[in-house]
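# A structural walkthrough
This is what each chain is made of:
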There are 2 protein chains.
Amino acid sequence: MQKMQLPIGVFDSGMGGLTVLRALRSHLPDESFIYLGDTARLPYGTKSQDTVRHYAMQMARILVERRIKALVIACNTATTAALSHVQAMLPNIPVVGVIAPGASAAVQTTKNQRILVLGTETTVASHAYQGLIQAALPHACIQARASSLLVALAEEGMVHNHIARAALEHYLSQRVDEDTVLLGCTHFPVFKPLLRDLLPEHVRVVDSAEATADAVKQALMDAGIANTTQPQKKTHYLVTDSAARFGAVGAIFLGEPLNQQDIELVDA
Amino acid sequence: MQKMQLPIGVFDSGMGGLTVLRALRSHLPDESFIYLGDTARLPYGTKSQDTVRHYAMQMARILVERRIKALVIACNTATTAALSHVQAMLPNIPVVGVIAPGASAAVQTTKNQRILVLGTETTVASHAYQGLIQAALPHACIQARASSLLVALAEEGMVHNHIARAALEHYLSQRVDEDTVLLGCTHFPVFKPLLRDLLPEHVRVVDSAEATADAVKQALMDAGIANTTQPQKKTHYLVTDSAARFGAVGAIFLGEPLNQQDIELVDA
C-alpha cells in the first residue's frame, strides 16, 4: 500500500478523543483512521505526567505497529505529557497534539485578549495552554479552570440537563469579561450547545478538536501524504478494555452510533 | 513482631476506600493500618471484571509483602471482581470485602423489603448486592441505580452544594417507597448529610463502610488476632501515583487532613 493510503492513527485515554476523530473525519473525508482508546487506564486527567507519558508511548507504539502515516494525540493530558517524546520517537511521520492548535485558535479568536480555558486538573496545572497563549499574546489575561465534573457528566450523556447547566454555571461563575472560552478537554465539545445558551452572544467558544483537524490537514498536505487517490473512509477502533462501554458511551462523543464489530480489544 | 501486632491491609482503587479506613479506625482504635490506593489506574468502576481482578491481585500482593494480618478490599468494584480470588490466594489471613457486609446491613435494616442501591456502573451491572440481598430476602424489591457522577462530585469536594443536590435528586428520582438506601460505593458516605436532607425521615441510609468495619472486627476476634496488647494506632499510605493529589482529595474521604510524609509512592 502507498503511504498516502495508510490510515491516520488517533489515540486518547478513552472516548473523549472521538470528538477529535469526528472533526478529523469531517475535515478529511477521504482518509482512513485507526482510533485507539486506552479505556483500561482512563482517565489520564488525574494521573501524573510521568505515568501519562509512559502510557502515551505505549499507545503510540501500538498504532505504529498497525502502520499509520500520521499520528494524532487526541487527548490534552497526553499531549501535555508526551507530545515531544512521541515526536522524537517517530521522526518519520507527522505527530500532532491538541494543545498547540487549540491555543492558536484561541489567540486568533480573542479580540480583548481575555481567554477562559476549561480543562482537566492535569491540563490546567500543566499551564500548557496558558504558556502557549501567553507566548503569542504577552499581555493576554488568561484564566484556567479545572472542570473535572464535566468529564463525568459527558460520559453519562448529561450534556443538556439541569445538572450539566448547574455544573457549567459553576465553572463559568468566575468569568469576568473573557470574550473567548477555550475547550481544553476533548470531552467538552458536547457541551457547546449548552455553553451557547449560557454565554453572552459575543463570547466565542473555541474547540480544540476542530482546530486540531485543521492542523492535521495542513500537516498531511505539507508532507505530501494527503490521500488524493483512492478514498478509504474506513475507521477501525482499538480499545484496551470494555469494548461494549466504548461503543455505548463513545456514541455521545462521535455523534453517531459505533458499530460494535469495528471495535477490537488489544492488550496494552 | 507477633501476628496480632501486624497492621491490617486495606486497598482501594484510589481515595474512596478512605471512608472504609475511617470506619475501621473508629471501630478498631488499637490497630495499625496500611492503606494502598491504586491511584495510577483509578477508577475501577468503569473497567471490566477481568482487568479489575488482575489489578486487585497485584494490590493484594503488594500489601502481603509488607506483612499484614488481615486484608480489607475497600472497593466495591474490586470486591465484586476479585474477593474470592484474593481469598483463595491468601488462605491464612481473613480477607473481607465491602459487598457482603453492606448487603447484610441493608437486609437487617429494611422493614418493607424495598431497597435502593446506589453504586458505580460496574457494581450495579454485576448484580452483586442485588443477588446477596435477594438470597436473604427472596421477596425483596431491589432497585439499583448507577450513579457515576457522584464519584466525580465527591472527588471535587462538592458534597453539599446545589450541583450535588441536583445530582442526588436525579439518582433518587425513581425511588418509590424504598425504606432503605444502600450506599454501594465507598465514595458515597460523604453524601450522607445531604441524603438525610433529601430523604423522608423514615428512610434509612446504610453505609457499607460502617458495616465492613463491623465485619472486620468480628473476623479479627474469630481468628484471635485482634490487637489486645500494645496498641499501634499507626496508618501508613501507599499510592501508585500522585501522592499530592491523594493527600488533597483523600482528606475529603478520610474526614481529616492526611500527612504528606505518611504517603509513599509504590510501583504497581
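Counting restarts for each chain, with residues numbered from 1 along the sequence as it is written. To read the labels, note that chains go from A and ligands from 1, taken in the order they are written. Only residues with pLDDT of at least 70 are given local features in this predicted model, and only at 80 or more are side-chain atom pairs given and counted; all residues enter the totals for whole chains, interfaces and linings.

## Structural notes on the overall build of chain A
Segments assigned H or I by DSSP are reported as helices when at least four residues long, segments assigned E as strands when at least two residues long, and all are numbered from the N terminus. Each helix and strand counted, chain A has 11 helices and 10 strands in total. Atoms considered for the radius of gyration are the C-alpha atoms alone. The globule rule reads 2.2 Å times the number of residues to the power 0.38. In terms of overall size, chain A behaves like a compact globule, its C-alpha atoms giving a radius of gyration of 18 Å where 268 residues would be expected to give roughly 18 Å. For chain A, the spread of C-alpha atoms along the principal axes amounts to about 55 × 40 × 35 Å. When burial is assessed residue by residue, chain A has 54% of its 268 residues classed as buried. What counts as a contact is two residues whose backbone-derived C-beta atoms lie within 7 Å of each other. Counting contacts in chain A only where the partners sit at least 6 residues apart, residues at least 24 apart contribute 78% of the total. Exposure classes come from backbone-placed C-beta atoms, where a residue is buried if 20 or more other C-beta atoms lie within 10 Å of its own, exposed if 12 or fewer do, and partly exposed in between.

## A closer look at the sheet that holds strand S8 (residues 204-207) of chain A
Residue and element names in this part refer to chain A. Strands are labelled as partners when DSSP assigns at least two bridges between them. On the basis of which strands lie adjacent, the open sheet formed by 4 strands has the order S6-S5-S7-S8 and parallel pairing. The outermost strands of the open sheet, each flanked by one partner alone, are strand S6 (141-146) and S8. On average, each strand axis in the sheet is tilted by 20° relative to the strand beside it, whichever way the strands run. Where strand S7 (residues 180-183) and S8 come together, 4 bridges link them in parallel fashion. Directly across from Val181, in S8, lies its bridge partner Val205. This element, helix H4 (residues 99-109), spans strand S5 (114-119), S7 and S8 of the sheet and lies at about 160° to S8. Here helix H6 (residues 128-136) sits on the sheet and contacts S5, S6 and S7; the angle it forms with S6, its principal contact strand, is near 170°. As a rule, the C-alpha atoms of each element are fitted with a line to give its axis, helices using only the stretch in contact, and angles between N-to-C directions run from 0 to 180 degrees.

## What to know about the domain arrangement of chain A
Residue and element names in this part refer to chain A. According to the domain assignment, chain A consists of domain 1 (3-97 + 210-265) and domain 2 (100-208). Here domain 1 and domain 2 have C-alpha centroids that lie 22 Å from each other. Between domain 1 and domain 2, the contact holds 23 residues from the first and 26 residues from the second. Elements represented by at least two residues in the side of domain 1 that touches domain 2 include exactly helix H1 (18-27), helix H3 (76-89), helix H10 (208-223) and helix H11 (243-254). Take the side of domain 1 that touches domain 2: its biggest share by element is 5 residues, from H10. What fixes the domain bounds is an automatic or database domain assignment.

## Overview of the relation of the copies chain B and chain A
Between the two chain copies there is a screw-like relation: a rotation about an axis and a shift along it. Least squares is the method used to superpose the copies, on C-alpha atoms of residues holding a pLDDT of at least 70 in both. Between the two copies, chain B and chain A, the superposition gives an RMSD of 0.0 Å; the rotation angle is 180° and the shift along the axis is 0.0 Å. In the structure described here, the two chain copies are related by an operation that fits a two-fold rotation axis. Judged by C-alpha distance, Arg41 of chain B is the residue of chain B that lies nearest the rotation axis, at 2.7 Å. Of all interface residues in chain B, 100% are interface residues in chain A too; the two copies therefore contact each other through one and the same surface.

## Looking at the interface of chain B and chain A
Each partner contributes residues to the interface: chain B has 20 residues there, and chain A has 20 residues. By residue number, the principal contributor to the side of chain B that touches chain A is helix H8 (residues 162-172) of chain B, which donates 5 residues. Side-chain classes follow a simple rule in which Ala, Val, Leu, Ile, Met, Phe, Trp, Tyr, Cys and Pro form the nonpolar group, Asp, Glu, Lys and Arg form the charged group, and the remainder, Gly included, forms the polar group. When grouped by side-chain class, the residues that make up the side of chain B that touches chain A number 8 nonpolar, 7 polar and 5 charged.

## Quick word on the sheet that holds strand S2 (residues 33-37) of chain B
Residues and elements named next belong to chain B. Across the sheet, 6 strands lie side by side as S4-S3-S1-S2-S9-S10; this open sheet has parallel pairing. Edge positions in the sheet fall to strand S4 (95-97) and strand S10 (263-265), since each has one partner strand and no second. Here the strands of the sheet are splayed against their neighbours by 20° on average, with no regard to which way each runs. Strand direction decides the pairing type here: strand S3 (residues 70-73) and S4, joined by 3 bridges, are parallel. Pairing of Val72 across the sheet is with Val96, part of S4. Each of strand S1 (8-12), S2, S3 and strand S9 (235-239) touches helix H2 (residues 49-65); the most contacted strand, S2, lies at about 150° to it.

## Topic: the environment of Phe11 of chain B
Relative to the helices and strands, Phe11 of chain B resides in strand S1. Setting aside its immediate chain neighbours within four residues, Phe11 of chain B contacts Gly17, Leu36, Met59, Leu63, Ile73 and Ala74 of chain B.

## As for unusual backbone geometry
With omega at -5°, the peptide bond leading from Leu42 of chain A into Pro43 of chain A counts as cis. Of note, His127 of chain A is a non-glycine position whose phi angle comes to about 60°, a positive value. Accessibility expressed as a C-beta count within 10 Å gives 15 for His127 of chain A, which makes it partly exposed. At Gln113 of chain B, a position not held by glycine, the phi torsion is positive, near 60°. Along the chain, the position of Gln113 of chain B falls in the loop between helix H4 (99-109) and strand S5 (114-119).

## Some details on the nonpolar core
Note that soluble globular proteins tend to have their nonpolar side chains buried in a common cluster. Think of a nonpolar core as buried Ala, Val, Leu, Ile, Met, Phe, Trp, Tyr and Cys residues chained together by C-beta atoms that fall within 7 Å. By size, the foremost hydrophobic cluster in this structure holds 177 residues, and its most contacted members are Val72 and Ile73 of chain A together with Val72 and Ile73 of chain B. What Ile73 of chain A contacts, discounting residues up to four positions off in sequence, is Phe11, Ala56, Ala78, Thr79, Leu83, Val86, Gly97 and Val98 of chain A.

## Comments concerning the packing of helix H1 (residues 18-27) of chain B against helix H11 (residues 243-254) of chain B
Residue and element names in this part refer to chain B. Close contact between H1 and H11 brings their axes to 8 Å; oriented N to C, the two are set at 50°. The angle between H1 and H11 falls in the class oblique. Once H1 is placed against H11, the crossing between them reads as right-handed. In this structure, H1 uses Leu18, Thr19, Leu21 and Arg22 to contact H11, whose residues at the interface are Gly250, Phe253 and Leu254. Grouping the amino acids of the contact of H1 with H11 by side-chain chemistry returns 4 nonpolar, 2 polar and 1 charged. Working rule for angles: under 35 degrees goes down as roughly parallel, over 145 as roughly antiparallel, 65 to 115 as roughly perpendicular, anything else as oblique. Each crossing is labelled by how the near helix is turned from the far one, with a counterclockwise turn of less than a right angle marking it left-handed and a clockwise turn marking it right-handed.

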